Every structure is written in C-alpha cells, then in structure tokens.
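Chains, contacts and geometry: an overview
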Amino acid sequence: MSSTPTLSPAPGDRFRLKNLFTLAPSNGDHWVGLRAGLGVLLPLLLLIALGRLDLAPYVVFGAFVGIYSRVPGHLDRLLMQLKAGGLMWLVVLLAWFSGSFLVRGANDPAGVWLLVGATTLVAGVASVLAGLLRLRPAGSMFHIFAFAAISSMPAQPPLGEGMFAATATIFLSLVLGQLGRLAPLHRTSWQVTPAPPLSRRMSKAIWQEGLAYMLAAGAAGAVAALVSGPLGMGHTYWAMVAAVVPLAGKSTRHRLVRAVHRVLGTGAGLILMALIVLLQPQPWVAVLIIGLMQFLAEVFVTRNYFWAQLFVTPLALVGTSLGKPLTTGILYDRAVETLIGVVIGVIVVVLMNAASRPQEHRVHILEAP
C-alpha cells in the first residue's frame, strides 16, 4: 500500500462541454477544504486584529501547506505536510531575500527581468525537490506563486516578523491536519506507509519535469515581460503560474484539457471577481471571502478543474490584494496573463509529446491540482 492518496479521477479527458459540469465522486474533499480554509482564515483574522496586513502574503503562502493534507493516514499526512512545509518555508525565505536585495518590488524593467529569472530557477528546483520528496500535489506551481508574489512586494516586513508569520501558519496547518485524531471514528493507525523506492526511470522523469517547469515558466515570464509595457499589464508572474498548469496532467490529452479548463474557469472566476470588486469589501469581509474560496477550491479541485478555477481566481486576486483597493485592472491582468501562460504551457506540452518516443509512455510523477 502506497502513501499516495487515492485521488478521484477527473471526468473524461476529452473536449466535451458536459465535462465542464460533471463532477467526479467525492473523496473526503470537504475535510481537506475545511482544513485549508481554516488554515488561511484564522491567521488572517488575527492579522486584522493586530493591524498587520503587511504580513498577509507570508500567512497566505504558509497556509498552502494545508493543501498537502490530502493523505489518509494521520502520520503519513503529518510527514507529507512537514516536507511540504519545509520546502515552502525555504521558498518564502528566499523570496524575502529576493524582494529585499534583488528584485526590490519589480518597479523597473530590470526588476521585472530579475524576477522572471529568479522565479524560473525556483520553478525548476522546487519541481525537482517536490518530486524527490514525493509531495502530493507535485510540481512547483505553488512555489512559483509564493516566490514571485513575495519577491515583487513593494516593501518587505522585517525578516523575523515575516518568517514568524509564515512559520506559525505552517504549524497551524500541521495541527489542523491532525485534529481528526480527536475523534475515534476518524483516527487512523499511527504508522508510516512505506513508499516504493525511486527507480532510475522515475528519477529521470523528475529531472525532466523540472526542466519542463523551467522552460514553461521562463518562456511565459519572458513573453509577459516583453508585452507588459505595450499592453499595460502588471503581475507578470501570473503568466508563469498559468504556464505550468498543463504540465501536471497525466497524459498529453489530459494536459490540454487542463489548459482549456484553466482558461474557461478563469474567465468564469473573473465574473465572480468583478462582483467582489464592485462590493469593495472591508478587510475582514475580504478575509472571509478568502477562507470560503479556499474551502470551495479544495472541494472541487480533484473533482472538476474548471469549477475549481471558478474559486481559485477570486482567491488569488483577493489574497494578493489584501489591504489595497480592488480595481478592475487586476481583472485585465489576470485574463491576459492567463492566456499568455496557457498558450506557452500548451506549446511546451506539444514539444514534450513530440520529443518522447511513441512507444514509451511518460512516467507520471504525481498529479497536481
């Protein structure tokens, strides 16, 4: 028995309209959603009470460790989240140094290109480390998002305060992941499920994944940086995040379907986000929206990627805009950058498919939502 959680397969990997509305069976997704939602909601409410929303990005990305709680056994879950938390902690730390001494807010062309270059390296290294650590979900999408978002902050908080916020939030996610042990009905045996050793073929596939993540993220970031001026865009790293989304599919067809679902789901999510912009919610209301969107995203992400994107879009936009007025400009940025990223991601998928030998099936490392 492997320590890998059994994820419900997504509805057919075909370009059919009905697949946008078809849900795979639930596999305890509401519990994962509840843990992830509380993991980001509670720390953000505390920051509002303390008047320290400048630390919100450190809390938001520390709470991403809750996403890695989709593991049945409590000890297996704890070990998975410890590994995920350690990697995310390192990424956040590097992002602080990057934002403080390298990128410096990415307010000039040189800063934008430095951000693209540094994030490209993170995309490849974090993907390889995630594969070697057997993280579920795999890939470096969350690490790309965390590193670039924190690096591009106009001003960084003191290192100790930022890292304390991230560390405390990671610890909260670990605690939430173990709360089920309080109920005898949900308590699992306190034992580790051995994982099969990595074969040479698997190790090679992990390094190939890392190269693909670097290629997709770097190319998308470069294109976004080149056209950001003429198109009047900010947030170039959103294109880098979108570009790696198709790479997590288990087959070429599935990757292309994920790309389509990303675009359509983002479009639907932007409609929901437009309503939120019109409301201009107070910070505490925005935090409640973040918690709710995080819960719903985890409920749907392994059941239907289109529906998950409906909630991921406002989650990302509100989460990166806490403490600042919400404007329609972020809707434009999200739409254009998603299109750029997905197009680049699809090109990389096609190149990967062409480069692989027809008689060999690619070794699928892990499927990331």
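Computed from a prediction, not measured in an experiment: that's the story for all the values here. (Residues numbered from 1 in each chain as written. Predicted model: local features only at pLDDT ≥ 70, side-chain atom pairs only at ≥ 80, totals over all residues. Heavy atoms only, no water.)

This part takes up the overall build of the protein chain. For the protein chain, the count of helices and strands is twelve helices and zero strands. Its helices and strands taken in sequence order, the protein chain reads α-α-α-α-α-α-α-α-α-α-α-α from the N to the C terminus. When its C-alpha atoms are laid out on the principal axes, the protein chain stretches across 50 × 50 × 40 Å. Out of the 369 residues in the protein chain, the part that is buried amounts to 55%. (Helix = DSSP H or I, 4+ residues; strand = E, 2+ residues; numbered from the N terminus. Buried < 20%, exposed > 50% of the residue type's maximum accessible area, 1.4 Å probe, protein only.)

Take the packing of aromatic side chains next. By the definition in use, this model includes 13 aromatic pairs. Summarising the aromatic geometry, the rings of Tyr-68 and Phe-142 are spaced 6.2 Å apart at their centres and angled 75° between planes, so their arrangement reads as edge-to-face. Of this pair, Tyr-68 sits in the loop between α2 (56–62) and α3 (74–102) while Phe-142 is found in helix α5 (residues 141–151), placing the two residues 74 residues apart along the sequence. Residue Tyr-68 shares its accessibility class with Phe-142, and that shared class is buried. Here the aromatic cluster, defined as three or more aromatic residues joined through ring pairs, consists of Phe-61, Phe-64, Tyr-68, Phe-142, Phe-145, Tyr-237 and Trp-238. In this arrangement the basic side chain of Arg-258 is found over the ring face of Tyr-305, its NZ or CZ atom lying 4.3 Å from the centre. Residue placement shows Arg-334 over the ring face of Trp-238; its charged tip is 5.5 Å from the ring centre. (Phe/Tyr/Trp six-rings, centres within 6.5 Å; stacked < 30°, edge-to-face > 60°. Lys NZ or Arg CZ within 6 Å of the ring centre and 35° of its normal.)

Right, let's get into the environment of Leu-82. Mapping Leu-82 onto the fold places it in helix α3. Judged by its relative accessible area of 44%, Leu-82 falls in the partly exposed class. For the pair formed by Leu-82 and Ser-127, sequence separation is 45 residues and the distance between their alpha carbons is 17 Å.

Take the pattern of salt bridges next. One pass over the full model with this rule turns up four salt bridges. For Arg-52, the salt bridge identified is with Glu-161, shortest N-O distance 2.7 Å. Taken as a pair, Arg-52 in the loop between α1 (29–50) and α2 and Glu-161 in helix α6 (residues 159–178) lie far apart in primary sequence, 109 residues in all. Its relative accessible area of 24% is what places Arg-52 among the partly exposed residues. According to the relative accessible area criterion, Glu-161 is partly exposed, its value standing at 34%. With a closest N to O distance of 3.0 Å, Glu-298 and Arg-70 form a salt bridge. (Salt bridge = Lys/Arg side-chain N within 4 Å of Asp/Glu carboxyl O.)

Omega for the peptide link from Arg-136 to Pro-137 comes to 5°, which places this bond in the cis form. As for its placement among the helices and strands, Pro-137 is situated in the loop between α4 (109–132) and α5. Positive phi, close to 45°, is recorded for Gln-280, a residue that is not glycine. Within the secondary structure, Gln-280 sits in the loop between α9 (252–279) and α10 (283–300).

Moving on, we get to a nonpolar patch on the surface. Side chains of Leu-42, Leu-45, Trp-284 and Leu-288 sit close together on the surface and give an oily, nonpolar patch of about 370 Å² of accessible area. Within the residue set of the nonpolar patch, elements represented by two or more residues are α1 and α10. As for its placement among the helices and strands, Leu-42 is situated in helix α1. Assessed through its relative accessible area of 41%, Leu-42 is described here as partly exposed. (Patch = residues over 30% accessible without salt bridge, like charges linked within 9 Å, V, L, I, M, F, W, Y side chains within 5 Å. Areas by Shrake-Rupley, 256 points an atom, 1.4 Å probe, with all protein chains shown as cover.)

This paragraph deals with the nonpolar core. Among the nonpolar cores identified, the biggest contains 97 residues, and Leu-44, Phe-145 and Met-273 are the most heavily contacted of them. Residue contacts for Met-273: discarding those within four places in its chain leaves Pro-314, Leu-317, Val-318, Leu-326, Ile-330 and Leu-331. (Core = buried A, V, L, I, M, F, W, Y, C linked by side-chain atoms within 4.5 Å. Contact = heavy atoms within 4.5 Å.)

The next subject is the confidence of the model for the protein chain. Caution is warranted with low-pLDDT regions, since their predicted coordinates should not be read in detail. Residue-level pLDDT values for the protein chain average 90, and 91% of them are 70 or greater. Across residues 1–12, where pLDDT falls below 50, the model places 35 contacts with residues more than four positions away in sequence or in other chains. Every residue in residues 358–369 scores below 50 in pLDDT, and together they form 38 contacts with partners more than four places removed in sequence or on other chains. (pLDDT = per-residue confidence, 0-100.)

Moving on to helix α11 (residues 305–319). With 15 residues, α11 should reach 21 Å at 1.5 Å per residue; the first-to-last C-alpha distance of 20 Å fits that figure. Of all the bends in α11, the greatest reaches close to 30° and is centred on Phe-311; the proline Pro-314 follows between one and four positions later. Within α11, 13 of the 15 residues are buried, which leaves the element mostly enclosed by the surrounding structure. The N-cap of α11, judged by a side-chain oxygen 3.0 Å from the amide nitrogen of Phe-306 a few residues on, is Asn-304. (Expected span 1.5 Å × (residues − 1). Bend = angle between axes of the 7 residues up to and from the residue. Polar contact = N/O pair within 3.5 Å; in protein donor to acceptor, adjacent residues only side chain to side chain.)

Before going further, it helps to spend a moment on α6. Relative to the 28 Å expected for 20 residues at 1.5 Å per residue, α6 spans 29 Å between its end C-alpha atoms, a close match to the ideal helical length. Residues of α6 that are buried: Gly-162, Met-163, Ala-165, Ala-166, Thr-169, Ile-170, Ser-173, Leu-174, Leu-176, Gly-177 and Gln-178. Looking at the packing, one finds that the buried side of α6 touches α1, α2 and α3.

Turning our attention to the side chain of Arg-258. Counting through the fold element by element, Arg-258 comes out in helix α9. Polar contacts involving the side chain of Arg-258 include one to the main-chain carbonyl oxygen of Val-245, which spans 3.1 Å.

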